[in-house]
Amino acid sequence: MNSSEADTYYLSRQAREAEATLEQLQDDFPDNPQAMQYFYDLFHRVYGQGEIIKHSGKLVGTTCIHAPEELIYAFGATPVRLCNGSYHYDQIGADFMPAKSCSLVKATLGSLQAKAAVPNTQSLDLIVNPTTCDQKTKASAMMSAMGYKVEDLELPPAKESEEARLYWQRSVRRLATRLRELTGNKLTRKKLQHAMARTSRAQTAFRTLHQLRKSAPTILLGKDAFLVTNAYFFDDIERWTAAVEQLNNELLQRQQDGFQAAQKRAPRILFTGSPPIFPNLKLPILIETSGGVVVADETCSANRMLYDMTAVDEWRLNDMVDSLADRYLKPCTCPIFTRNDDRQRRLLQLATDFKVDGVVYQAFSGCQVYEMEYRSIADALAERGLPMLYVETDYSPDDMGQLSTRIEAFLESIKTRKRQAL
Amino acid sequence: MKTIKTAINNIDLRRFRFWLQLFFFALLMYGGYFAIDLGSRLPTFACAFNEAGRGGICYLFPLQHQLGVPSSRLFSWAGLAVLQGLLIFSLWFFALNKAWCGYACPLGTIQDWITALRNRLGIRYSRYSQGQFRQLSRIKYLLLALMILIPLGVGAALLPHEMGTPFCDICPARMVLPMFTGDFSQLTIDFSSKTTMIMTTLGLLITGLFFTGAFFKKRFFCFFCPMSALHYLLSKPALLKLKKDGNKCTSCGDCYRVCDMEIREIADEVNETNIMQDDCIMCLKCVAHCPEPDALKATFAGIPIFSSTEQGFIKRMHKGQKHEQQ
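Since the structure is predicted, the reported quantities are computational estimates derived from the model, not experimental observations.

Digging into the overall build of chain A
Inference 1: Looking only at helices and strands, one finds 16 helices and eight strands in chain A.
Inference 2: Taking 2.2 N^0.38 as the reference for a compact globule, 422 residues should give roughly 22 Å; the C-alpha atoms of chain A span a radius of gyration of 21 Å, in line with that estimate.
Inference 3: Counting all 422 residues of chain A, 54% fall into the buried class.
Inference 4: Contacts in chain A between residues far apart in sequence, at least 24 positions, make up 75% of those at least 6 positions apart.

A few points about the pairing of strand β2 (residues 296-300) of chain B
Residue and element names in this part refer to chain B.
Inference 1: Of the strand pairs in this sheet, strand β1 (residues 240-244) and β2 are connected by five bridges, and their pairing is antiparallel. Considered in β2, the bridge of Lys244 is made with Leu296.
Inference 2: Pairing between β2 and strand β3 (residues 303-307): four bridges, direction antiparallel. Pairing of Lys297 across the sheet is with Ser307, part of β3.
Inference 3: Counted between consecutive antiparallel strands, the loop separating β2 from β3 contains two residues, among which Ala301 sits at a positive phi close to 50°.

Description of the sheet that holds strand β2 (residues 78-81) of chain A
Residues and elements named next belong to chain A.
Inference 1: With parallel pairing, the four strands of this open sheet are ordered in space as β2-β1-β3-β4. The sheet is open, and its two edges are formed by β2 and β4 (150-153), each paired on a single side. For this sheet the average axis-to-axis angle between neighbouring strands, irrespective of direction, equals 25°.
Inference 2: Bridge count for strand β1 (residues 59-62) against β2 is four bridges, and the pairing is parallel. In the sheet register, Leu59 faces β2, and the bridge partner there is Thr78.
Inference 3: Set on the sheet, helix α6 (residues 134-145) makes contact with β3 (126-130) and β4; between it and β3 the angle comes to about 160°.
Inference 4: Sitting on the sheet, helix α7 (residues 162-183) is in contact with β3 and β4, with an inclination near 165° to β4.

Describing the domain arrangement of chain B
Residue and element names in this part refer to chain B.
Inference 1: Partitioning chain B into domains gives domain 1 (25-232) and domain 2 (239-325).
Inference 2: Domain 1 puts 20 residues into the contact, and the matching count from domain 2 is 13 residues.
Inference 3: Contributions of two or more residues to the side of domain 1 that touches domain 2 are made by α5 (77-96), α6 (99-104), α8 (130-155) and α12 (226-234).
Inference 4: Residues of the side of domain 1 that touches domain 2, tallied by class, amount to 11 nonpolar, five polar and four charged.

Points about the sheet that holds strand β8 (residues 388-393) of chain A
Strand pairs in the sheet, formed through backbone hydrogen bonds, run parallel or antiparallel to each other.
All names here are of chain A.
Inference 1: Strand order across the open sheet formed by four strands is β6-β5-β7-β8, with parallel pairing between neighbours. Two strands close off the open sheet at either side, each with one partner strand: β6 (293-298) and β8. Each adjacent strand pair in this sheet contributes to an overall mean axis angle of 25°, direction not counted.
Inference 2: The sheet contact formed by strand β5 (residues 268-273) and strand β7 (residues 358-364) spans five bridges and is parallel.

Let's talk about the interface of chain A and chain B
Interface size is commonly expressed as the accessible area that is lost once the parts come together.
Inference 1: Facing 25 residues of chain A, the contacting portion of chain B comprises 24 residues.
Inference 2: Of the residues in the side of chain A that touches chain B, the class split is seven nonpolar, six polar and 12 charged.

Topic: the nonpolar core
Inference 1: The biggest cluster of nonpolar side chains holds 211 residues, and the ones touching the most others in it are Leu270(A), Cys58(B) and Met282(B).
Inference 2: Among the elements that line this core, the one with the most residues is helix α8 (residues 189-212) of chain A, at seven residues.
Inference 3: Contact partners of Met282(B), with chain neighbours within four places excluded, come to Asn97(B), Lys98(B), Ala99(B), Cys101(B), Gly102(B), Leu240(B), Leu242(B) and Met276(B).

Here we look at the packing of α8(B) against α12(B)
All names here are of chain B.
Inference 1: Following both chains from N to C, one finds α8 and α12 inclined at 90°, their axes separated by 8 Å at the closest point. With respect to α12, the element α8 is oriented roughly perpendicular. Where α8 abuts α12, its residues Lys140, Tyr141, Leu143, Leu144 and Met147 lie against Pro226, Ser228, Ala229 and Leu230.
Inference 2: Tallied by class, residues from the contact of α8 with α12 come to seven nonpolar, one polar and one charged.

Considering the pairing of β6(A)
All names here are of chain A.
Inference 1: Of all the six residues making up β6, six are buried; the element is thus mostly covered by neighbouring parts of the structure.
Inference 2: Note: β5 against β6, five bridges, orientation parallel. When the bridges of β6 are listed, Leu270 appears paired with Ala296.
Inference 3: Tracing the backbone out of β5, into helix α11 (residues 282-289) and back to the parallel element β6 gives a crossover that is right-handed.

Points about the environment of Thr405(A)
Inference 1: Residue placement: Thr405(A) occurs in helix α16 (residues 400-421).
Inference 2: For the pair Thr405(A) and Arg189(A), spaced 216 residues apart in the sequence, the C-alpha separation amounts to 55 Å.

Side note on α8(B)
All names here are of chain B.
Inference 1: For α8, which comprises 26 residues, the first-to-last C-alpha distance of 39 Å matches the rise-based estimate of 38 Å (1.5 Å per residue) to within 8%.
Inference 2: Those residues of α8 that fall on the buried side of the exposure criterion are Ser137, Lys140, Leu143, Leu144, Met147, Ile150, Pro151, Val154 and Gly155.
Inference 3: Elements that come into contact with the buried residues of α8 comprise α3 (60-67), α4 (71-74), α9 (166-170) and α12.
Inference 4: Backbone geometry just after α8 places Ala157 at a positive phi near 60°.

Digging into the packing of helix α4 (residues 87-94) of chain A against helix α5 (residues 103-113) of chain A
Relative orientation and spacing of two packed helices are given, respectively, by the angle between their axes and the distance between those axes.
Residue and element names in this part refer to chain A.
Inference 1: Interhelical geometry of α4 versus α5 gives an angle of 85° and a closest axis separation of 6 Å. Relative to α5, the element α4 is oriented roughly perpendicular. Packed against α4, whose contacting residues are Tyr89, Asp90, Gln91, Ile92, Gly93 and Ala94, the element α5 presents Ser103, Lys106, Ala107, Leu109, Gly110, Ser111 and Gln113 at the interface.
Inference 2: Of the residues that constitute the contact of α4 with α5, the class distribution is five nonpolar, six polar and two charged.

Details of the environment of Ile314(B)
Residue and element names in this part refer to chain B.
Inference 1: Here Ile314 shows up in helix α16 (residues 310-325).
Inference 2: Accessibility expressed as a C-beta count within 10 Å gives 19 for Ile314, which makes it partly exposed.
Inference 3: Residues Ile314 and His289 lie 25 residues apart in sequence; the distance between their C-alpha atoms is 8.9 Å.

Let's talk about α16(A)
Residue and element names in this part refer to chain A.
Inference 1: With 22 residues, α16 extends 31 Å from end C-alpha to end C-alpha; this agrees with the ideal 32 Å at 1.5 Å per step.
Inference 2: Within the span of α16, buried status applies to Ile407, Phe410, Leu411 and Ile414. The arc enclosing the buried residues of α16, seen along the axis, measures out at 90°, which places them on a common side. Residues Gly401, Gln402, Thr405, Ala409, Thr416, Arg419 and Gln420 are exposed on α16 and point more than 90 degrees away from its buried face.
Inference 3: Check the buried side of α16 and you find it contacts α11, β7 and β8.

Here's the deal with unusual backbone geometry
Inference 1: Geometrically, the link from Ala216(A) to Pro217(A) is a cis peptide bond, its omega value of 0° lying close to zero.
Inference 2: By the element assignment, Pro217(A) lies in the loop between α8 and α9 (222-231).
Inference 3: The omega torsion of the bond from Phe278(A) to Pro279(A) falls at 0°, within 30 degrees of zero and hence cis.
Inference 4: Turning to its location among the elements, Pro279(A) is positioned in the loop between β5 and α11.
Inference 5: A positive phi angle, near 55°, is found at Asp31(A), a position not held by glycine.
Inference 6: Overall, the presence of 11 C-beta atoms within 10 Å leaves Asp31(A) in the exposed class.
Inference 7: At Met282(B), a position not held by glycine, the phi torsion is positive, near 50°.
Inference 8: Structurally, Met282(B) is set in the loop between α14 (265-268) and α15 (285-288).
Inference 9: Classification of Met282(B) as buried rests on a count of 23 C-beta atoms within 10 Å.

Conventions used here
What you see as residue numbers is a count from 1 along each chain, following the sequence as written. Working convention: letters from A go to chains and numbers from 1 go to ligands, in the order in which they are written. This being a predicted model, a pLDDT of at least 70 is required before a residue's local features are given, and a value of 80 or more before pairs of side-chain atoms are given or counted; all residues contribute to the totals for chains, interfaces and linings. Secondary structure elements follow DSSP: runs of H or I of four or more residues count as helices, runs of E of two or more count as strands, with numbering from the N terminus. Throughout, the radius of gyration refers to the C-alpha atoms, and the reference size of a globule is 2.2 Å times the residue count to the power 0.38. Residue burial is a threshold on neighbouring C-beta atoms within 10 Å of the residue's own C-beta, all placed from the backbone, with 20 or more meaning buried, 12 or fewer meaning exposed, and counts in between meaning partly exposed. By the convention adopted here, residues are in contact when the distance between their C-beta atoms, placed from the backbone, does not exceed 7 Å. For two strands to be treated as a pair, DSSP must find at least two bridges joining them. With axes taken as lines fitted to C-alpha atoms, and helix axes fitted only over the stretch in contact, angles between N-to-C directions fall between 0 and 180 degrees. Boundaries of every domain are those given by an automatic assignment or by a domain database. Only Asp, Glu, Lys and Arg are considered charged in this grouping, and only Ala, Val, Leu, Ile, Met, Phe, Trp, Tyr, Cys and Pro are considered nonpolar; every other residue, Gly among them, is considered polar. In this usage, the nonpolar core is the set of buried Ala, Val, Leu, Ile, Met, Phe, Trp, Tyr and Cys residues whose C-beta atoms join them within 7 Å. For classification purposes, an angle smaller than 35 degrees is called roughly parallel, one larger than 145 roughly antiparallel, one from 65 to 115 roughly perpendicular, and anything else oblique. By definition, the crossover connecting two strands over a helix is right-handed if that path, from the first strand to the second, turns clockwise as seen with the strands pointing away from the viewer. Any helix carries an expected span of 1.5 Å times its number of residues minus one. The directions from the helix axis to the C-beta atoms form the arc being described.

Given below as structure tokens:
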């Protein structure tokens, strides 16, 4: 097998995986919103056919939500989130990563190792690697060894203290220096303002979508919501925003028409933990094919990535950059930080706002921090009388049978409780 | 009702504050020309030394005078006058709470103008470190204590009578505010005695510090203001309140980011509902910059009058960006 054939082989295996998921998303559910077609097509083109999304300037990969995208855009570069959800790349990563690493990190590194990876990452000019969990921190040297230029964005292990905040602000400023060297461009107030305005428009669209999901009965399924936010990883930001705004308009119409995307009694699920990343949407899909509906989430592939917005007092470079730094650290509910009060409060508030009946907690095997936080979250939810299903899983499809039994039982128990409450 | 509420929550706070501050500035600085007299128990720096234009008088001036009467008189009928003064002061104060600082105080308004000037010149502001902040924050209580103890000492004939109004002697408002009605006579050193010489020199130095400090640090003087300390001690029963619902807070820190007084608790405290801290000037910028619905709000007698909303936040941020681009 020569190398171009190998490329095609890899491409086709990973394309098959993506197509299988897309097929489920589109065909297993009736009445998908018409505006979702944009996203289905986008994933068909990018994952199925290997289309390269056009970008301007240098291409900067990011491995976590902590890399401030506004800064990257302001330097005329384009960010692309590298976190990967493909089982195919998970297996490639397993060849050179410890067996107990999490699927996400293995798949991300696997895709970087692979030739002709999808979505296209072979022309990365820089990888910004926030030092979040141990596995991502240690991935830095591995990525360098593969020949990528890597910038470690040093993240503090706690976020409450003023020292941590100032340390992080300095890290972000150093990233700005690195990006200036890379692009040869100067950061100006105008450019950063423009970038921030664009991101804030995208966030506004996301927030509208998020609020629309409060509707009971539900008007949008969680599997579609995850696909929308997953597209944000690589799609052109303005095109993405326009597509989400269009989706919002359609959902607004649905709301007025009294449309129901799921059964009226369908258990409303809050999804938390390790992020569902396309094509690994198996858990949300399982929940929704089993009669539940994911109405909200607290994950870094959706809510945590887009929800919190930046406020600036004086629109000068120094204030804007520090404000951005704050926004990427302070509200983050990632379990890598020392405490998790914020995450508990966020989950409880989401549960109240979205009239949630139960919580599904996904932990990728090997993601120790999510595993360690499981108990405290379960306790906090139990205190409110909210049932939680803890699922330890990975990207492999082997546990589908077992998972679907557990999820069905969980949803059934919620339904019974609801019936009894009536 | 709902439309009015939305309109208020969507308000451009920056502009609203600018005009309201200008109104209060005119009232307190030039009201005297229009025969306006709000009395001498005002909980804000309407300086008594701005004799021609003042529309009322800052309470600290009569308070020091009252405390400086001979001790024998103070502990008999003159004591009643002190209590009566405190009562009227409190009533004024209860209405607006610390919003007197953020909206009415002429010295505060001047500092905001200096900040606007700095911003226009493209010069960045400076911030304190948390350690410095905690230390500096205490000075105002020290000044308040001295402001009460020194006149008492004068009354007891332990200190020279020229120190009867020690805080006014060193207060930058005494030198700065009369200038706005064309009176520059306060900008002098009084050589009539050793005490007056020291106090007026100190006053001049502090005024110099006031202008330099306010240029680099937002609301520089407010950290040291004994009026602010007195406010805080009386703030429990005030009608206007700053409330926080910690459950709705995402700890994003946007409120702390924009706070002129660098009050960390506004972002970090999630259990206390009454969130106003001693340095707070109730400018309500935190409410305007909070994207979480109802996480922060100002209430009057328990009724919400201005709440944080997602829509209001987005609107203001959008406007802020545009405003600066021009």
